[in-house]
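# Architecture at a glance
What follows is each chain in one-letter form.
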Amino acid sequence: MKTVLVSAVALIDADGRVLIAQRPEGKSMAGLWEFPGGKVEADETPEAALIRELHEELGIETWQSCLAPLTFASHSYESFHLLMPLFACRRWTGTPVPRENQVLKWAYAQDLRNYPMPPADIPLIPVLRDWL
């Protein structure tokens with residue numbers, strides 16, 4: 001089974017809320033909520049992938065020094081195995097805007113269970129909630 005490395009981030013605002021994005025129609029798992037991020041390319045570190053993805057998906061800029069490793073998910077889907085480090089980030093420039101037809105929502109960590117998420121993301125919620 002192929003392993004896919006995806007890097008994700010919990011962007012945390014001044015009120016302690018976390019940014020989540022709803023996967024748009026036409027993508028796998030459409031309608032589910034997830035932490036922003038994306039696939040790590042062959043020549044990238046997980047941090048570099050996040051910096052690139054945050055610019056592409058949300059129009060914001062951040063730096064490697066602002067990405068704190070928090071936890072990771074390891075989950076087998078039907079056709080691949082997902083390995084996903086989750087970073088926490090409290091500093092960036094710009095205002096997150098949806099650039100890929102996704103819906104964005106700021107939510108408190110204790111409320112994340114109210115949003116349907118992909119199976120790999122669900123175990124990340126208690127870690128994030130306890131950390132915040």
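Structure first, text after, so check above.
We now turn to the structure provided with this report. (Residues numbered from 1 in each chain as written. Predicted model: local features only at pLDDT ≥ 70, side-chain atom pairs only at ≥ 80, totals over all residues. Heavy atoms only, no water.)

## Remarks on the overall build of the protein
To keep it simple, the criterion reads: Helix and strand definitions follow DSSP, with helices as H or I runs of at least four residues and strands as E runs of at least two, each counted in order from the N terminus. Just to be clear, the radius of gyration here is over C-alpha atoms, and the globule rule we use is 2.2 Å times residues to the power 0.38. Burial classes follow relative accessibility: with a 1.4 Å probe on protein chains only, a residue under 20% of its type's maximum area counts as buried, one over 50% as exposed, and anything between as partly exposed. Should any heavy atoms of two residues lie within 4.5 Å, those residues are considered in contact. Charged residues are defined narrowly, with Lys and Arg counted positive, Asp and Glu counted negative, and His plus the chain ends left uncounted. For charged residues, the charge sits on one atom: NZ in Lys, CZ in Arg, CG in Asp, CD in Glu.
Scanning the protein from terminus to terminus reveals 2 helices and 7 strands. Put simply, the protein runs from its N terminus to its C terminus through helices and strands in the order β-β-β-β-α-β-β-β-α. Taken over C-alpha atoms, the radius of gyration comes to 14 Å for the protein, in line with the 14 Å a tight globule of 132 residues would show. The dimensions of the protein, computed from C-alpha atoms along their principal axes, are 40 × 35 × 30 Å. When burial is assessed residue by residue, the protein has 44% of its 132 residues classed as buried. Looking at the protein alone, contacts between residues at least 24 apart form 66% of all its contacts between residues at least 6 apart. Counting 12 positive and 17 negative side-chain charges, the protein places the averaged centre of each group 3 Å from the other.

## Some thoughts on the sheet that holds strand 4 (residues 37-39)
Filter applied, for reference: Strands were regarded as paired on the criterion that DSSP finds at least two bridges between them. Note on definitions: angles span 0 to 180 degrees between N-to-C directions of axes, and those axes are lines fitted to C-alpha atoms, for helices only across the stretch in contact.
Spatial strand order, 4-1-6-5: 4 strands in an open sheet with mixed pairing. The sheet terminates laterally at strand 4 and strand 5 (68-76), the two strands that pair on one side only. Averaged over all adjacent pairs, the angle separating strand axes in this sheet is 20°, with direction ignored. Together, strand 1 (2-11), strand 4 and strand 6 (80-89) form the strand contacts of helix 1 (residues 46-58), whose direction differs from that of strand 1 by roughly 65°.

Purely spatial values, then, with no claim about function.
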